[in-house]
Amino acid sequence: QTALAPRSAPPLTDRSRRSPSENRAAFLLPVLSKLKAMKILILGGTAWLGHSIAAAALAAGHSVVCLARGNAIPEGADLVNADEGVAARTWDAVVDVAGDPRFVERAVRDLAPAAKRFVFVSSLNVYADPSKKGIDEDEPTLPPLPAGEEASQENYGRAKSACEAAVLAGFGRERSTIVRPGLITGPGDPTNRAAYWPLRFAKPSNPRGRVLVPDAFGQAFSMVDARDLAAWIVRLVEAGIGGVFNAVGNVSTLGEHLERIRSAAGHTGEVVRAPADWLLARGVGFWAGPRSLPLWVPDPSLEGMLAASNGRALEAGLKLRPARETYADLLAWALENSVNCAGHSGLSDAEERELLDALDRE
């Protein structure tokens, strides 16, 4: 029994036990023809993923309103604030990417009478066992964050679990769509964790063109382009598809991932592998953050988050562009926007040279 489903609801273990809307997804989405523009409310729309969803909805011909504090919304969308009566209007769908249960609970309460569907962008972090590879949507989830407890990075998974529970309680299973992404990448990534590698291979830190990588080429790896994720969420809205979906790419390995990036960047220099213990002993972090080698996960108890099943999402129309296209576009965006390898995530040129020199001396 997961934390997000009512106790009376059967687990979604096969197609015959899924909701009717989920069973429609496999054949309805490919032949869907839009009869009219839909009215979509985006709770946000100024940050990376919310902006991408708003842009995808506009490109599909829909009317988009962004409820946000900022003003960096896509051209063609309308911007409102919380005082402008969105709950008094009717919506074909609401899309929310929030991580704080208090905000989601309030949105569900106010918009349940006004909206036909609530799409919540959750996270693979809700799963109770992050070490298990091939996690599907029926795996147990973390207990929801207790009411009144403040959401933080440390309890992110439980906070998202509480958000899911609030959506299902307010909109019911048929009117709810829960999307659980893993690693999201592509142009616009504000974390720099994905942009680091295309930039590093395109602009090595040293004259010989050597690039330091973790010796973990067999590590499981998957990613989804934010543009593909956004376009698919819009198609789910158009088709009225409810249910829970892992929004992840096809599983490969970190080695394959780095080789595709290297190819997209045109790198021909030496790739220098460093053992995990050696890197950790020298204060090199993993996954993200300053002085790190991004997307590397030396802890096997977390590797399942990069090897989740995407079968149900593919059945529901998720289309994945070639990874090399994502990496080429990401590199072009990073170069155009002067993204720094030593920004939010990665090694500075000096840090990488220092580590390469230390490895050569041993």
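Reference entry: report on the structure contained in this document. (Residues numbered from 1 in each chain as written. Predicted model: local features only at pLDDT ≥ 70, side-chain atom pairs only at ≥ 80, totals over all residues. Heavy atoms only, no water.)

For the protein chain, the helix and strand inventory stands at 11 helices and 15 strands. Each of the 362 residues in the protein chain was classed as buried or not, and the buried ones make up 52%. Nonlocal contacts in the protein chain, meaning residues at least 24 apart in sequence, comprise 77% of its contacts between residues at least 6 apart. Of the roughly 15,600 Å² of accessible surface on the protein chain, 52% is carried by carbon and sulfur atoms. (Helix = DSSP H or I, 4+ residues; strand = E, 2+ residues; numbered from the N terminus. Buried < 20%, exposed > 50% of the residue type's maximum accessible area, 1.4 Å probe, protein only. Contact = heavy atoms within 4.5 Å. Areas by Shrake-Rupley, 256 points an atom, 1.4 Å probe, with all protein chains shown as cover.)

Further remarks concern the packing of aromatic side chains. With the rule as written, the count across this model stands at five aromatic pairs. Measuring from centroid to centroid gives 5.2 Å for phenylalanine 118 and phenylalanine 171, while their planes differ by 55 degrees, and the two rings are tilted. Placement of the pair is phenylalanine 118 in strand 5 (residues 118–121) and phenylalanine 171 in helix 4 (residues 156–171), with a sequence separation of 53 residues. On the basis of relative accessibility, which here comes to 0%, the residue phenylalanine 118 falls in the buried class. (Phe/Tyr/Trp six-rings, centres within 6.5 Å; stacked < 30°, edge-to-face > 60°.)

Another aspect to go through is unusual backbone geometry. Even without a glycine there, the phi angle at tryptophan 287 is positive, about 70 degrees. Tracing the backbone through its elements, the reader meets tryptophan 287 in strand 14 (residues 285–287). Accessibility expressed as a relative area gives 27% for tryptophan 287, which makes it partly exposed. Phi is positive for serine 338, which is not a glycine, with a value near 55 degrees. Considering the arrangement of structural elements, one finds serine 338 in the loop between helix 10 (323–336) and helix 11 (349–361).

So, about the environment of alanine 60. Relative to the helices and strands, alanine 60 is located in the loop between helix 2 (48–59) and strand 2 (63–67). C-alpha of alanine 60 to C-alpha of alanine 231: the two residues are 171 residues apart in sequence and 8.7 Å apart in space.

Another point: helix 2. Between its first and last C-alpha atoms helix 2 spans 16 Å; for 12 residues at 1.5 Å apiece the expected length is 16 Å, and the two agree. Those residues of helix 2 that sit buried are Trp48, Leu49, Gly50, Ser52, Ile53, Ala54, Ala56 and Ala57. At the exit of helix 2 stands glycine 61, carrying a positive phi of roughly 90 degrees. (Expected span 1.5 Å × (residues − 1).)

Mapping glutamate 303 onto the fold places it in the loop between strand 15 (292–294) and helix 9 (311–315). The exposure class of glutamate 303 is buried, given its relative accessible area of 13%. Filtering out sequence-adjacent residues up to four positions away, glutamate 303 remains in contact with Pro130, Lys133, Gly218, Gln219, Ala220 and Val297.

Where helix 2 contacts helix 6 (residues 226–239), the axes come no closer than 8 Å and their chain directions differ by 55 degrees. The orientation of helix 2 with respect to helix 6, classified from their angle, is oblique. Where helix 2 crosses over helix 6, the two elements pack in a sense that is right-handed. Note on element contacts: helix 6 touches helix 2 through Ala226, Leu229, Ala230, Ala231, Ile233 and Val234, opposite Trp48, Leu49, Ser52, Ile53, Ala56 and Ala57. Residues belonging to the contact of helix 2 with helix 6 are distributed by class as follows: 11 nonpolar, one polar and no charged. (Axes fitted to C-alpha atoms, helices over the stretch in contact; angles between N-to-C directions. Parallel < 35°, antiparallel > 145°, perpendicular 65-115°, else oblique. Left-handed = near helix turned anticlockwise from the far one by under 90°. Nonpolar A, V, L, I, M, F, W, Y, C, P; charged D, E, K, R; others polar.)

Our next topic: the sheet that holds strand 6 (residues 176–181). An order of 3-2-1-4-5-6-11 is seen for the seven strands of this open sheet, with the pairing classed as parallel. At either margin of the open sheet sits one strand with a lone partner, and together these are strand 3 (78–80) and strand 11 (243–247). In this sheet, adjacent strand axes meet at a mean angle of 20 degrees when their direction is disregarded. Bridge analysis of strand 1 (residues 39–43) against strand 4 (residues 93–96) gives four bridges, and the strand direction is parallel. Pairing of isoleucine 40 across the sheet is with alanine 93, part of strand 4. Its contacts with the sheet put helix 4 on strand 5 and strand 6, and the angle it makes with strand 5 is roughly 175 degrees. (Pairing = 2+ DSSP bridges.)

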